[in-house]
Amino acid sequence: MTTRRHLLQGAASLIAPAEFEFGGTPEFSLSDSPFGILINEYREMLDQLDRLFAVRNRVEKIAFAQKGDARDCSELRLIDQKANAWYQTEKEMIRLASRTRAASVDEVVQKLILWRLVQFDQPSFNNACDMIPFSAYRDLLFLAGRESLTKDSDKKALAIVWDDEAFNYSADDDDDFDDDEPFYGEDEEE
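Bear in mind that the values here come from a model prediction, so they are computed numbers and not experimental data. (Residues numbered from 1 in each chain as written. Predicted model: local features only at pLDDT ≥ 70, side-chain atom pairs only at ≥ 80, totals over all residues. Heavy atoms only, no water.)

Colleague: What is the right way to read the pattern of salt bridges from this model?
Modeller: Proximity of charged atoms lets side chains of opposite charge pair with each other. Evaluation of the coordinates by the stated rule reveals 8 salt bridges. In this structure, the salt-bridge partner of E60 is R56, at a minimum N-O distance of 3.0 Å. Note that E60 and R56 are positioned in helix α2 (residues 34–67) at a spacing of 4 residues, about one turn of the helix. The class for R56 is buried, based on a relative accessible area of 19%. (Salt bridge = Lys/Arg side-chain N within 4 Å of Asp/Glu carboxyl O. Helix = DSSP H or I, 4+ residues; strand = E, 2+ residues; numbered from the N terminus. Buried < 20%, exposed > 50% of the residue type's maximum accessible area, 1.4 Å probe, protein only.)

Colleague: Can you walk me through the packing of helix α5 (residues 131–144) against helix α6 (residues 151–161) in this structure?
Modeller: In a packed pair of helices, the relevant descriptors are the angle between the two axes and the axis-to-axis distance. Interhelical geometry of α5 versus α6 gives an angle of 125 degrees and a closest axis separation of 11 Å. Viewed along their axes, α5 and α6 adopt a mutual orientation that is oblique. The hand of the α5/α6 crossing is left-handed. When α5 is examined against α6, the residues M131, F134, Y137 and R138 are found in contact with a partner set consisting of D154, A157, L158, I160 and V161. Looking at the contact of α5 with α6, its residues break down into 7 nonpolar, no polar and 2 charged. (Axes fitted to C-alpha atoms, helices over the stretch in contact; angles between N-to-C directions. Parallel < 35°, antiparallel > 145°, perpendicular 65-115°, else oblique. Left-handed = near helix turned anticlockwise from the far one by under 90°. Contact = heavy atoms within 4.5 Å. Nonpolar A, V, L, I, M, F, W, Y, C, P; charged D, E, K, R; others polar.)

Colleague: Whenever I open this one, α6 confuses me. Can you help?
Modeller: Side chains of residues three or four places apart in an α-helix project in the same direction, reflecting 3.6 residues per turn. Among the residues of α6, those classed as buried are S153, D154, A157 and I160. Across the axial projection of α6, the buried residues extend over an arc of 115 degrees, all falling on one side. Residues of α6 that are exposed and point over 90 degrees away from its buried face: D152 and K155. Elements in contact with the buried residues of α6: α4 (105–119) and α5. (Arc of directions from axis to C-beta.)

Colleague: Even after reading the chapter, I still don't get the packing of aromatic side chains, so can you show me in this structure?
Modeller: Think of a pair of aromatic rings as described by two things: how far the centres are apart, and how the planes are tilted against each other in angle. A complete count under the given rule lists 4 aromatic pairs for this structure. Arranged with centres 5.5 Å apart and planes meeting at 75 degrees, the rings of W115 and Y137 form a pair that is edge-to-face. In this pair, W115 sits in helix α4 while Y137 sits in helix α5, placing the two residues 22 residues apart along the sequence. Residue W115 is classed as partly exposed on the basis of its relative accessible area of 31%. A residue is classified by how much of its surface remains accessible, and Y137, at 1% relative accessible area, is buried. In this structure an aromatic cluster arises from ring pairing among Y42, W86 and Y87. (Phe/Tyr/Trp six-rings, centres within 6.5 Å; stacked < 30°, edge-to-face > 60°.)

Colleague: Just to check I follow, could you spell out the confidence of the model for the protein for this structure?
Modeller: Segments scoring low in pLDDT should not have their predicted coordinates read at a detailed level. Mean pLDDT over the protein works out to 75, with 70% of the residues at or above the 70 mark. Across the protein, element-level confidence peaks in helix α3 (residues 74–99) with a mean pLDDT of 93 and bottoms out in helix α1 (residues 4–15) with 42. Note that residues 1–28 has pLDDT below 50 and, in this model, 42 contacts with residues that lie over four places away or in other chains. (pLDDT = per-residue confidence, 0-100.)

Structure representation (structure tokens):
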């Protein structure tokens, strides 16, 4: 079984190559569990990514003002390398969380909170069936007495869950069907 110490060492080794700075010790507001630690680290990573994009926007604006083109800007290439390292770190953190077994229901809740933090910025569900795990996540938060860390995004996702027009499609909308072939269930002439 993976211990908290191993998770911390694993997460630290993932972040160190990307040269991200952490401000102080992690906050243990969710608990001392491996997933609580990863949630706190991921929240810090999101702050770092926001700061990185803010710097990128400033550098890009200056490059356009000076040269009219930002493609040859070495500072932007460096920022893009750091952003790519950030996304690689995120993938490793997702793998680490996915491969770590929860030891309690509270850790399952925390694992789902981490899942939601990782995918909070998706504007919609990819498929109608994605609404079921989201709904289960919301139910489990409610039953465990937890609050969402992605409240605004959850409101948008809940609006889709309650929208009867979401994911309305029919066989006529699908390009995979050949118009000459009968649709499954249609009476075929004999």
